[in-house]
Amino acid sequence: MEYKGHKFKKGKFITPFNELLTQLGKEEQWYLGRLPEYIWIALIYKSNSRQESLQLIESILQELNKYLPPEDNHPKISNILKLSEEQQQVFYGYLLTKIDKSILSPLTNIISYSVSRPFAKYFSNHQESLEEKTKLLEEILKHFSSQHSNQTTDLRYLIFYYMKLKNRIIMPAQHLELIEQYPLLEHDNPLMSMIRPSIRTLEMVSPSFEKNIDTTYLKLFWERMSELTECELFQVKFDVEDLVDKKESLEQIHNELKYFTDLFHTTSPLDHKMLVLLGMTTFSYKRFLELVEHNLYNTIAGRSITRSLIEIYIMMKYLLLREKEKENIWEEYQYYGLGQFKLITERYEDSGDIYPNSHVDYKYIGLLVEEYINKNFIDMDLKYFDNHNIKKKAELVNESDLYKHLYDYDSIYEHGLWGAIRESSLLKCDKASHQFHCVPDIENQQNLKSVWHDAKMLMQKTLEILKGLYGYPSHMEGN
C-alpha cells in the first residue's frame, strides 16, 4: 500500500526519505547546525557580486587549507577558532588583505574577546552599533535559511570546494568536471539544473565525514542571537465573513425541520426510524445553532461542530443502508447509545462522586438509560456501532471524500493533536535568530478559517435525507 510514494508499514505512511536516511540531529541540519558554522563565508559572499565572491572565497579557502589539520574537512568557524592564537592571527591578517574588517565585524557579537581574542581584535568595528551588527546577522540567516535556494547552493558549493581541497571527494571524473563548472555558470544556465542537486546532496551528506561534532560554538551562536533580539510575532488572520445569508439560512433550516417534526407528531409518533432520523437531525441543528448564535465560525469549537455534523450525516446514511438487511437497526442504534450512557453510570456507582461539581449529571442520565427498559437488559458494547468505524461507514455510503477532506482534519482538532495546536494556538516568531520558533497565543490573536460554508452544506445535506424519505412541499422550498 502506497500513498504518493510513501510506503505503509506498521500503521504508518513512511516518507521515501526516511526509507533511505536516518533523521538528522540538530547539529547536522542546514539551518540549525551548518549555516551558523559557515556564516563567516556567507557574510563575505554577500559583500560582492556572485562571480567575484565565488572567486574570492575560493582563494580564501585555499589559504585556510594551510592551517586547518587534515581531519578538519569543513571550513567551519568553530574549526578556525580551535587554531592557536598565532595561527588565527596569521589567517585573520591574510583575510584583511582580501576583505574589509567591517564585513566580518557582525560576528564579533558572537565571537567576543572571551571567545577569541584574535578574532575580536582583528574584526571589531566600533563604527557599527551592536544593533546594526545584529541586524546584519539576522539578514544573513534569513537570506540563507532555505537550503535549496540558489544563493544557499552557492554557499554549499564552497563547502564542497573546501572538501575537495582536503581530498575528501571521490567521484567519477565526468561528474567532477561538471561540478567544477559551477562557479563559471549563471543560475539560468540549463546545466545548473543538473549540477545544483548534486552540490546539495554532496554537502548534505558531508556531516557523515565527521566523527564527533563539537556543538559548543552552535550553542553559543544561538544563545547569543536569542539574547540580542526580540520576538517578532505574526499570525495568519482570516476574514470574518459578512454572513448576510445567515439569518435567512437559519430560518429556512428551522422551517424545514419544523415541517418534519409536525409530520412525525401527526402521522408517525411511534415510528422508531423517523424518531431516530429526526433526533439525529435535531442534534445537528442544535450544534449548527450553537455555531451561529455564538459566532463560532473561525474558532476551534467551530471545527468540533463541523465534525459532529459530518458524523451524524454519515451515520444517517449508514443506518438507511443497513436497514435493508436489519429491520431493527433503528432500535439497535438507540440501545447502543444508551449502553454508552449506562457504562458511565456504572462507573459512577462503582467509584462514587469523585467530581462533585462535574458537568455530568449521573442521576439524570441513569434515568434516561432506564426510560423504556430496565438497565439489566441493556448491553454495554465497547466496539464501534455495527462493528464499523466512521471511516468504513463513510466508504460504504460513498462519502469517502467527506471523510478524507473534512472529517479527518476536524478530528485532529477534536483530539487536540499537535497539528491543530500548531495552527490554532501558537504564533510564529519571524526572527531568524530565534530559529523561527513558536509562542503560545494566550491573547487569542490567531483565528481560523470559517467553517460556515461547510456547516451550512452539511446541514442542507442532512435535511435532504429527510426530504428524500418523507417528501417536502415544493411551495415551501426557499421560504
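A brief report on the enclosed structure follows.

What counts as what
Position labels on residues start from 1 in each chain and follow its written sequence. Side-chain atom pairs in this predicted model are given and counted only at pLDDT of 80 or more, local residue features only at pLDDT of at least 70, and totals for whole chains, interfaces and linings cover all residues. By convention in this description, side-chain values take in all heavy atoms of the structure and omit both hydrogens and water. Residues enter a nonpolar core if they are buried and are Ala, Val, Leu, Ile, Met, Phe, Trp, Tyr or Cys, with the set joined through side-chain atoms within 4.5 Å. Only protein chains enter the accessibility calculation, which uses a 1.4 Å probe. A residue is then buried if its area is under 20% of the maximum for its type, exposed if over 50%, and partly exposed in between. In DSSP terms, a helix is any run of H or I states spanning at least four residues, a strand is any run of E spanning at least two, and both are numbered starting from the N terminus. Contacts are residue-level and defined by heavy atoms, with any inter-residue pair within 4.5 Å sufficient. The aromatic pairing rule takes the rings of Phe, Tyr and Trp, using the six-membered ring of Trp, and pairs them if the centres are within 6.5 Å, calling planes under 30 degrees apart stacked, those over 60 edge-to-face and the rest tilted. Here, a charge over a ring is recorded when the distance from Lys NZ or Arg CZ to the ring centre is within 6 Å and its angle to the ring normal is within 35 degrees.

**So, the nonpolar core**
- In terms of nonpolar packing, the biggest core is built from 59 residues, with Trp40 and Phe91 touching the most fellow members.
- Per-element accounting of this core gives the leading share, eight residues, to helix H10 (residues 150-165).
- Discounting residues that sit within four places of it in the chain, tryptophan 40 has contacts with Ile60, Leu61, Leu64, Pro75, Lys76, Ile77, Ile80, Phe91, Leu104 and Leu107.
- The next biggest cluster of nonpolar side chains, apart from the first, holds 47 residues, and it includes Phe260, Leu320, Val397 and Leu406.

**Quick notes on the packing of aromatic side chains**
- Under the counting rule described, the total for this entry stands at 25 aromatic pairs.
- Here tryptophan 40 and phenylalanine 91 contribute two aromatic rings whose centre-to-centre distance is 6.3 Å and whose plane-to-plane angle is 80°, an arrangement assigned as edge-to-face. In this pair, tryptophan 40 sits in helix H3 (residues 39-45) while phenylalanine 91 sits in helix H6 (residues 85-98), placing the two residues 51 residues apart along the sequence.
- For phenylalanine 91, a relative accessible area of 0% translates into the label buried.
- Judged by centre distance (4.9 Å) and plane angle (25°), the ring pair of tyrosine 157 and tyrosine 182 falls under stacked. Of this pair, tyrosine 157 sits in helix H10 while tyrosine 182 sits in the loop between helix H11 (173-180) and helix H12 (192-204); the two residues are 25 residues apart in sequence, bridging distant segments of the chain. You'll find tyrosine 157 and tyrosine 182 in the same group, each marked buried.
- Members of the aromatic cluster, connected to one another through ring pairs, are Trp40, Tyr67, Phe91, Tyr92, Tyr94, Phe119, Tyr122 and Phe123.
- One residue, arginine 156, lies across the ring of tryptophan 30, its end atom 5.6 Å from the ring centre.

Read these as geometric descriptors, not functional statements.
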